[in-house]
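Geometric and topological summary
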Amino acid sequence: MGLFHYICRNYHLKFNIRMALNTRKPGKNSKNTKESPKKRGSFFKDQRLRFTVAIILLIVAFYLTIAFISFIFSGAADQSKLDLKWSELIFNSEIKVENKAGKTGAWLSDVIINRGFGVSAFIFIYLMVLVGLRMMGKKMEKFGRNFTLATLSIIWLSLTLGLLFMKTDAGSFVYPGGKYGFVVSDWLSAMLGKIGAILLLLLFAFIVLVVSFQELLPWVIEKARSKEKLFAGRAAEEEPEEEEEEEAPAPVKPAPEILVEPTISKVIENDDVVNAIFDPDSEEEKHPHIGLEVEKAPTIPEPAEEPALPEIELEAVENNSDDEEFVGDGMENYDPKLELSDFKFPTLDLLDDHHQGNAEVSNEELISNKNKIVETLRHYKIEITKIRATIGPTITLYEIVPAPGIRIAKIKNLEDDIALSLSALGIRIIAPIPGRGTIGIEVPNQNPELVSMKSILGSKKFVESTAELPVALGKTISNETYMFDLTKMPHILVAGATGQGKSVGLNVIIASLLYKIHPTELKFVFVDPKKVELNLYSVLEKHYLAKLPDEPEPIITDIQKVKNTLNSLNIEMDQRYDLLKKAHARNIKEYNQKFIQRRLNPEKGHRFMPYIVVVIDEFADLIMTAGKEIELPIARIAQLARAVGLHMIIATQRPSTNIITGVIKANFPARIAFKVASMIDSRTILDTPGANQLIGKGDMLISSGSNMTRVQCAFMDTPEVENLCKFISQQRGFPTAFLLPEYVGDEEGPVEADLANKDELFEECARLVVGTQMGSTSMIQRKLSIGYNRAGRIMDQLEIAGVVGPSEGSKARQVLIQDEYTLEQLLNSLG
């Protein structure tokens, strides 16, 4: 019956639908006739009814288990009583049986085992448990295959036991194959003979196993080949001893196994789709010709072994260039990790598993959303032919195929109407999805899943990554780990509103690099104007951090020190390019490879160069304070520093055009946008809307070139960051942090001489600035009708005198004197 139900659902019960259509009669009662199938469907779809039937099946299965086991041990004593009629056995209270399940259990055991399928009847219990658990809503992989295989096993085992035990012992009361197995096997023996019947049963079993288990046939073939190799090896051992004296090749050590933490997939199985989505008694009757497919997570094929390349001997050619390559004859390759050879990478035990057990998309939610989308589109006379759902950790992507002649712009304009019908926090329509020929509707899940950093760093994709600077951010809509190589990005702009996950995203990027890259190969420069976001990483000073010489704080918070550090990075970039030019290398990877092979002479200034990643938080505060003095060195690094291993990650919570300027956008092709308040902010970051429709809490859009990917960022809490930093800081580090080139800024000393030659309008300008409380050069220029250069010199003199503060870019200078009395005292002291 369960198999019949499964098949009927798979074919939408077309017969029942036709009958329902034929019973409709025009007239006043047509409305009532139309509603009756829906009521019957809701009755059979009721979860309480399904749960009750499942409990009954499980109880009956447990009862039959007791009856069957007791029948095996006490059935001999009950045989004389079981020969009576069923009514006489059941209703005669004087008849007692030994079976622990009573007279009913003894009678059922005799009917199902002896008069039925024999010992294979125990598989009936397995089938009842399987169907019962399924009706209770338990997710089961390959339910249809298991059900079919168990049913065929009952038949095959009954026939096999009936064939082998045609003649039972006189004292035995159990027929191993049952009456069914005895009768059918006796017929087969008469038709084919006993040997032919056995061969037929073995062939049937082999075919069923090969069809059910796809790995069986390759495994058998592999075993057969290994046997052939074993026999060939033994034959080789029997050859003359002279051949044995030849040297055997050295055994190859097997590669160490990498333990990968299993990832949890949220893709619905095919059987669940049949059970929930193609149920004809459900609301699917409203749209019988539109099916909903649920996409499976793609399986990643195993990498094929590459054929060994033939060895090619290279002939040394004399180098006639001015900078000859240094050749370390007889010397081993340089090991950059030797100084910290005992460094241990962090383990996954330092992170917490934030998985929520109730974060799951139910079949009812899928069906409900699908029907609402179809109904909303039909209200506007938009027909669709197909829907496919892909379930992600935070959202579900519904891909629809519109009917021919439907304009895409018409669907795009219904974004708010679909969101209203779904009662969703916010939906996003992708029209069309590039390369797929469908229109995507992203709908937030009712119970979003929290993606833990532990599951991301433990994924096979991250563990086996060979990227130079691998970064794992989170999971995509299809539950795949999203990764990229920072050296190929090569710089990242992160923006979003307050509290949407920017700081967590920065922690995820930093943690990915700390889990994969050795301290010798990677250095960080942290700029944190807020002084509290990146302060946790200060304990990594002697392992991973880079700073200016004689700088006490490893985390840069002062604006002037930020300017000096960025200019120092420009000097480091120029020095690295000079070294690459001398080494005839195009990028840092080629240069370091030559240095490791001792082809570069350290006495000529060559050195191993680590990657440097500059992380700037609250970029808007730096731009507002220093303006061009910050923007220009950042733009120069972004334009040139990729080849020498300098990469920048800047974050801001104010995505406006005066912060994210055209210069910044042109040099930061990779951008990460968390939820923002308006479409204008989204266009400022990504050059396209969409970030304003995200749902927050780590939901983000990643733009890399022309590709746009929606990712749920992994969650990494502050205690996890502390544990990670503590684990690394407790290990032996370098004597000092990685020192950047010293940079000496432009001092104000030479201007002090100008106070001896104050401008004639110096005092008048001072009174004007204090009176208006606005230190603006253009204001002095307008009020006193003088040139801009002269006004600028006067403003510099006022700064040296202490009337105004230092320049703040395009903003007016701060006036340090608040009243004219204090100003007159200052002017008198200056003479």
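Remember, predicted model here, so these are calculated numbers, not experimental data. Each chain carries its own residue numbering, running from 1 in the written order of its sequence. Side-chain atom pairs in this predicted model are given and counted only at pLDDT of 80 or more, local residue features only at pLDDT of at least 70, and totals for whole chains, interfaces and linings cover all residues. Each side-chain value is worked out from all heavy atoms of the structure, with water and hydrogens disregarded.

What to know about the overall build of the protein
Each helix and strand counted, the protein has 29 helices and 16 strands in total. Counting only contacts in the protein whose residues sit at least 6 apart along the sequence, the fraction spanning at least 24 positions is 69%. Surface accessibility in these figures is a Shrake-Rupley result with a 1.4 Å probe; residues are shielded only by whichever protein chains are displayed. Carbon and sulfur atoms form 56% of the exposed surface of the protein, whose accessible area is close to 46,300 Å². The helix count covers DSSP runs of H or I at least four residues long, the strand count covers runs of E at least two residues long, and both are numbered beginning at the N terminus. Contacts: residue pairs with any heavy atoms within 4.5 Å of one another.

Quick look at the environment of Arg-428
In this fold, Arg-428 is placed in strand 4 (residues 428-430). What makes Arg-428 buried here is its relative accessible area of 10%. Taking the C-alpha atoms as reference points, Arg-428 and Val-443, 15 residues apart in sequence, are found 7.2 Å from one another. Beyond its immediate stretch of four places on either side in the chain, Arg-428 contacts Glu-415, Gly-440, Ile-441, Glu-442, Gly-690, Gln-693, Leu-701, Met-708 and Arg-710. Remark: exposure states derive from per-residue accessible area (1.4 Å probe, protein chains only) relative to the maximum for the residue type, with buried under 20%, exposed over 50%, and partly exposed in between.

Some remarks on the pattern of salt bridges
Every case where a carboxyl oxygen of Asp or Glu lies within 4 Å of a side-chain nitrogen of Lys or Arg is listed as a salt bridge. Scanning the model with the defined rule gives 24 salt bridges in all. Its salt-bridge partner being Lys-665, residue Asp-687 comes within 2.7 Å of it at the nearest N-O pair. Pair noted here: Asp-687 is in the loop between helix 24 (679-686) and strand 14 (699-704) and Lys-665 is in helix 23 (residues 662-667), with a separation of 22 residues, a long-range link. Salt bridges linked by common partners bring Arg-428, Glu-442, Asp-699 and Arg-710 together as one network.

What to know about the pairing of strand 15 (residues 707-713)
In this description, strands pair whenever DSSP reports at least two bridges between them. Pairing between strand 6 (residues 470-476) and strand 15: three bridges, direction antiparallel. Bridge pairing in strand 15 links Gly-474 to Cys-713. Taken together, the six bridges between strand 14 and strand 15 define a ladder with antiparallel strand orientation. Opposite Ile-702, over in strand 15, you have Thr-709 as the bridge partner. Where strand 14 hands over to strand 15, the hairpin turn is made up of two residues, of which Gly-705 adopts a positive phi near 70°.

Details of a nonpolar patch on the surface
Nonpolar side chains collect at one region of the surface, where Leu-164, Phe-165, Ile-195, Ile-198, Leu-199 and Leu-202 lie side by side and expose about 600 Å² of accessible area between them. In terms of residues, the nonpolar patch owes the most to one element, helix 9 (residues 178-212), which gives four residues. Structurally, the position occupied by Leu-164 is in helix 8 (residues 143-164). Patch membership requires more than 30% relative accessible area and the absence of a salt bridge. Residues of like charge join within 9 Å; the nonpolar side chains Val, Leu, Ile, Met, Phe, Trp and Tyr join within 5 Å.

A closer look at the packing of helix 26 (residues 762-772) against helix 28 (residues 788-801)
A fitted line through C-alpha atoms serves as each axis, taken over the contacting stretch for helices, and the angle formed by two N-to-C directions is quoted from 0 to 180°. For the pair helix 26 and helix 28, the least separation of the axes is 10 Å and the interaxial angle reads 75°. As judged from the angle between their axes, helix 26 and helix 28 are roughly perpendicular. Residues Phe-762, Cys-765, Ala-766 and Val-769 of helix 26 form the contact with helix 28, whose own contacting residues are Ile-794, Gln-797, Leu-798 and Ala-801. To sort the angles, those under 35 degrees are grouped as roughly parallel, those over 145 as roughly antiparallel, those from 65 to 115 as roughly perpendicular, and the leftovers as oblique.

Description of the side chain of Asn-507
Residue position: Asn-507 is located in helix 18 (residues 502-514). With residues up to four places along the chain from it excluded, the contact list for Asn-507 reads Tyr-537, Met-716 and Val-721.

Some details on the packing of helix 26 against helix 29 (residues 820-830)
The description of two helices packed together rests on the angle between their axes and the distance between the axes. Relative orientation of the contacting elements helix 26 and helix 29 amounts to 160°, with a least axis distance of 10 Å. Regarding the angle of helix 26 to helix 29, the classification is roughly antiparallel. The way helix 26 lies across helix 29 gives a crossing that is right-handed. Between helix 26 and helix 29, the contacting residues are Phe-762, Glu-763, Ala-766, Arg-767 and Val-770 on the first element and Glu-820, Leu-823, Glu-824, Leu-827 and Leu-830 on the second. Of the residues in the contact of helix 26 with helix 29, the class split is six nonpolar, no polar and four charged. Here is the rule for handedness: rotate from the far helix to the near one, and if that takes an anticlockwise turn smaller than a right angle the crossing is left-handed, while a clockwise turn gives right-handed. Classification used: nonpolar for Ala, Val, Leu, Ile, Met, Phe, Trp, Tyr, Cys and Pro, charged for Asp, Glu, Lys and Arg, polar for all others including Gly.

Comments concerning the sheet that holds strand 6
The strand order 7-6-15-14-13-8-12-11-9 describes an open sheet built from nine strands, whose pairing is mixed. Looking at the sheet topology across the chains shown, the edges are occupied by strand 7 (481-485) and strand 9 (522-527). Strand-to-strand twist in this sheet, taken as the mean axis angle between neighbours without regard to direction, amounts to 25°.

Description of the nonpolar core
By size, the foremost hydrophobic cluster in this structure holds 109 residues, and its most contacted members are Leu-473, Leu-486 and Phe-524. Among the elements that take part in this core, helix 19 (residues 559-583) stands out by supplying eight residues, more than any other. Excluding its chain neighbours within four sequence positions, the residues that come into contact with Phe-524 are Ile-510, Leu-513, Leu-514, Tyr-544, Leu-545, Ala-546, Val-613 and Val-615. Here the nonpolar core consists of buried residues drawn from Ala, Val, Leu, Ile, Met, Phe, Trp, Tyr and Cys, with membership extended through side-chain atoms lying within 4.5 Å. Counting 22 residues, the second-largest nonpolar core is a separate cluster that includes Val-361, Leu-366, Leu-377 and Ile-439.

A short note on unusual backbone geometry
Between Met-489 and Pro-490 the backbone carries a cis peptide bond, its omega angle lying at -15°. Assignment of secondary structure puts Pro-490 in the loop between strand 7 and strand 8 (492-495). Despite not being glycine, Asn-479 has its phi angle at roughly 65°, a positive value. Secondary-structure assignment places Asn-479 in the loop between strand 6 and strand 7. Note on Asn-479: relative accessible area 12%, which makes it buried. Within the chain, Lys-531 stands out as a residue other than glycine whose phi angle is a positive 75°.

Remarks on the packing of aromatic side chains
The criterion for an aromatic pair is that two Phe, Tyr or Trp rings (for Trp, the six-membered ring) have centres within 6.5 Å, with stacked assigned to planes under 30 degrees apart, edge-to-face to planes over 60 apart and tilted to the rest. Considering all chains together, one arrives at seven aromatic pairs under this definition. An angle of 85° between the planes, with centres 5.5 Å apart, marks the rings of Phe-343 and Phe-345 as edge-to-face. On the basis of relative accessibility, which here comes to 8%, the residue Phe-343 falls in the buried class. Given the relative accessible area of 30%, Phe-345 is considered partly exposed. Members of the aromatic cluster, each reached through a chain of ring pairs, are Phe-343, Phe-345, Phe-524, Phe-526, Tyr-537 and Tyr-544.

Description of helix 19
To estimate how far a helix should reach, multiply one less than its number of residues by 1.5 Å. Relative to the 36 Å expected for 25 residues at 1.5 Å per residue, helix 19 spans 36 Å between its end C-alpha atoms, a close match to the ideal helical length. A positive backbone phi angle near 55° is found at His-584, which sits one or two residues after helix 19.

Brief notes about the pairing of strand 14
The element strand 14 is extensively covered by neighbouring structure, given that five of its six residues are classed as buried. Note that strand 13 (residues 670-673) and strand 14 share four bridges and pair antiparallel. Within the sheet, the bridge partner assigned to Ala-670 lies in strand 14 and is Ser-704.

So, helix 8
In this model helix 8 runs 31 Å from its N-terminal to its C-terminal C-alpha over 22 residues, within 8% of the 32 Å that 1.5 Å per residue would give. Every buried residue belonging to helix 8 is among Phe-143, Gly-144, Phe-147, Leu-149, Ala-150, Ile-154, Ser-158, Leu-159, Thr-160, Leu-161, Gly-162 and Leu-163, and all of these are buried.

Quick notes on the confidence of the model for the protein
As a per-residue quantity, pLDDT reports the predictor's confidence and falls between 0 and 100. Summarising the model, the protein shows a mean pLDDT of 77, and 75% of its residues fall at 70 or more. Taken together, the stretch residues 1-41 has pLDDT below 50 and engages in 23 contacts with residues farther than four places along the chain or on a different chain. Here residues 747-753 scores under 50 on pLDDT; set against residues more than four positions off or in separate chains, the count is five contacts.

Observations regarding the side chain of Asn-601
Residue placement: Asn-601 occurs in the loop between helix 20 (588-596) and strand 11 (611-616). Polar contact is the term for a pair of N or O atoms within 3.5 Å; when the atoms are in protein, one must be able to donate a hydrogen and the other to accept it, and sequence-neighboring residues count only if both atoms are side-chain atoms. Among the polar contacts listed, one links the side chain of Asn-601 to the backbone nitrogen of Glu-603, at a separation of 3.0 Å.

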